[in-house]
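The lines below spell out each chain.
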Amino acid sequence: MLLISIITFVLLGLSFLFDVQKTLKGIKKGLTMFMNLLPVLLLMLAFISIVLFLVPNELLIRYMGQDAGIEGWVMAALLGSVALIPGFIAYPLCGVLIKSGVAYTTIAVFITILTMVGLVTLPLEAKFFGWKTSIIRNLLSFIAAIFIGFIMSLFL
Amino acid sequence: MKHLKKYTFSFIFLALVGLSYIFGFAAGNQIGMNFWMFAKEMFLFLPLMFVLIGLFDVWVPREKIEKHIGEESGWKGTGLVILLAMLQAGPLYGAFPFAYLLWKKGSSIKNIFIYLGAYSTMKIPMLTFEVGFLGLKFSLLRTLITLPVFIIIGYLMEGYLKDKNFEVKQP
């Protein structure tokens, strides 16, 4: 986070030194994209904040259960696709889930889905890739995550 | 006016959060806090990232990138996009603008989706977190199994999209 800020400002400074016109064009281009996405982003964040409130950690633990079977994975996968939890919350949460008896393989499915599949971010993804492609990518990733859980269960 | 219309629901949401604060409605307050937590990250991180993307776009010529990660780049190109993804940080929606940029600079379809896969599951900042909370063995095993899986997804997506006029649009 800090790193990306520093990199951006250093590059911005260098860019200004070399070519002011080009730099302004770049900035304008970037910020136009940001402004165009802003309405969808705000809606997405509003939706996530409501979901995060309605689904407390205890609920996740209860639903993912203790057994590592396909049922636990599917549950973890479904929860992971609707949730959009940033990493700095997700990993401590997974630590808690492990301690309360959720299987490692279930966690693997949950983490993979959480990071690769985003139902909530789908409208945003569709702005770049179109709806059909986005849905296919998410579906493939969903299946892949369950497959990853299965392979991991052979090792853990 | 038409511009502001797109923000209608966001305005209503913020108004409700504001009212919750004034009248001490706990649920609304909690939702407002959640929103603030995400919004903070978004407003600090995303504009900078988009500026970075804009700069990259005007300075780096297509031919330079296409040679390395385009149709003819082979395994080296795939390795490069994975490396690029691993060095980044941030949520998945932060990867879409970068994917657009890679596409614009001539990346192959396969490498676009491999980039998204690597970005979501193998970012180094995320891995350090994972090792800390879930252990090295878990993290290593998950990464090694996930790597071939999202490469396969890349090939599948390319196979499906190849003759469908696929493009990554500028939002």
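Analysis parameters
Residues numbered from 1 in each chain as written. Chains lettered and ligands numbered in written order. Predicted model: local features only at pLDDT ≥ 70, side-chain atom pairs only at ≥ 80, totals over all residues. Heavy atoms only, no water. Helix = DSSP H or I, 4+ residues; strand = E, 2+ residues; numbered from the N terminus. Rg over C-alpha atoms; globule rule 2.2 N^0.38 Å. Buried < 20%, exposed > 50% of the residue type's maximum accessible area, 1.4 Å probe, protein only. Contact = heavy atoms within 4.5 Å. Areas by Shrake-Rupley, 256 points an atom, 1.4 Å probe, with all protein chains shown as cover. Lys, Arg positive; Asp, Glu negative; His and termini not counted. Charge placed at Lys NZ, Arg CZ, Asp CG, Glu CD. Patch = residues over 30% accessible without salt bridge, like charges linked within 9 Å, V, L, I, M, F, W, Y side chains within 5 Å. Salt bridge = Lys/Arg side-chain N within 4 Å of Asp/Glu carboxyl O. Domains from an automatic or database assignment. Buried area = accessible area lost by both parts, 1.4 Å probe. Polar contact = N/O pair within 3.5 Å; in protein donor to acceptor, adjacent residues only side chain to side chain. Core = buried A, V, L, I, M, F, W, Y, C linked by side-chain atoms within 4.5 Å.

Turning next to the overall build of chain A. If you tally the helices and strands in chain A, you get 8 helices and 0 strands. Helices and strands appear in chain A in the N-to-C order α-α-α-α-α-α-α-α. Whereas a compact globule of 156 residues would reach a radius of gyration of roughly 15 Å, chain A reaches 20 Å, over 25% beyond that. Principal-axis analysis of the C-alpha atoms places the extent of chain A at approximately 60 × 30 × 30 Å. Residues classed as buried in chain A amount to 51% of the 156 residues present. Residue pairs at least 24 apart in sequence account for 71% of intrachain contacts in chain A once pairs closer than 6 positions are excluded. Accessible surface, chain A: about 7,400 Å² in total, of which carbon and sulfur atoms supply 76%. Between the mean site of the 9 positive side-chain charges and the mean site of the 5 negative ones, chain A shows a separation of 17 Å.

A word on a nonpolar patch on the surface. On the surface, a cluster of nonpolar side chains totalling about 1,100 Å² of accessible area is made up of Leu2(A), Leu3(A), Ile6(A), Ile7(A), Val10(A), Leu11(A), Leu14(A), Leu17(A), Phe18(A) and Trp59(B). Given a relative accessible area of 32%, Trp59(B) falls into the partly exposed group.

All names here are of chain B. Here chain B is described as being made up of domain 1 (1-59) and domain 2 (61-171). Distance between the C-alpha centres of domain 1 and domain 2: 28 Å. Domain 1 puts 10 residues into the contact, and the matching count from domain 2 is 12 residues. Note on domain 1 versus domain 2: buried area summed over both sides is about 990 Å², and carbon and sulfur give 74% of it. Ranking the residues of domain 1 by area buried against domain 2 places Ile53, Phe56 and Asp57 at the top, with a combined share of 48%. Across the domain 1-domain 2 interface, the total number found is 2 salt bridges. When the shortest N-O distance is used, the salt bridge between aspartate 57 and lysine 104 registers 2.8 Å. For the pair domain 1 and domain 2, the interface holds 2 residue pairs in polar contact (both at pLDDT 80 or more).

Here the focus is the nonpolar core. With 98 residues, the main nonpolar core has Phe129(A) and Tyr115(B) as its most contacted residues. In this view, Tyr115(B) contacts Val81(B), Leu84(B), Ala85(B), Gln88(B), Ala95(B), Phe98(B), Ala99(B) and Leu102(B); residues no more than four positions away in its chain are not counted.

Evaluated as defined, the whole model comprises 6 salt bridges over all chains. Between Lys29(A) and Asp57(B) there is a salt bridge; the shortest N-O distance is 3.0 Å. Of the two residues, Lys29(A) sits in helix 2 (residues 20-54) while Asp57(B) sits in helix 3 (residues 26-59), which places them in two different chains. A salt bridge links Arg142(B) to Glu130(B); the nearest nitrogen and oxygen atoms lie 2.9 Å apart. Here Arg142(B), found in helix 9 (residues 136-161), pairs with Glu130(B), found in helix 8 (residues 124-134); they are 12 residues apart in sequence, far enough to count as distant. With a relative accessible area of 0%, Arg142(B) lands in the buried category. A relative accessible area of 0% means that Glu130(B) is categorised as buried. It is possible to trace a salt-bridge network through shared partners that takes in Lys29(A), Asp57(B), Lys104(B) and Lys105(B).

Right, let's talk about the domain arrangement of chain A for a bit. Residue and element names in this part refer to chain A. Here chain A is described as being made up of domain 1 (1-54) and domain 2 (56-156). Computed over C-alpha atoms, the centres of domain 1 and domain 2 are 28 Å apart. If you look at the interface, domain 1 gives 9 residues, while domain 2 gives 10 residues. Here domain 1 and domain 2 share an interface that buries about 850 Å² over both sides, 86% of which is from carbon and sulfur atoms. For the domain 1 face of the interface with domain 2, the top three residues by lost area are Leu37, Val40 and Met44, together amounting to 46%.

A few words on the interface of chain B and chain A. On the chain A side, the residues contacting the 68 residues of chain B number 74 residues. With both chains or domains summed, chain B and chain A bury close to 6,600 Å², and 83% of this area falls on carbon and sulfur atoms. Viewed at the interface, chain A and chain B are joined by 1 salt bridge. There are 8 residue pairs in polar contact (both at pLDDT 80 or more) connecting chain B and chain A. Contributing elements (two or more residues each) for the side of chain B that touches chain A: helix 2 (8-23), helix 3, helix 6 (95-104), helix 7 (109-121), helix 8 and helix 9 of chain B. If you tally residues by element for the side of chain B that touches chain A, the top one is helix 3 of chain B, at 26 residues.

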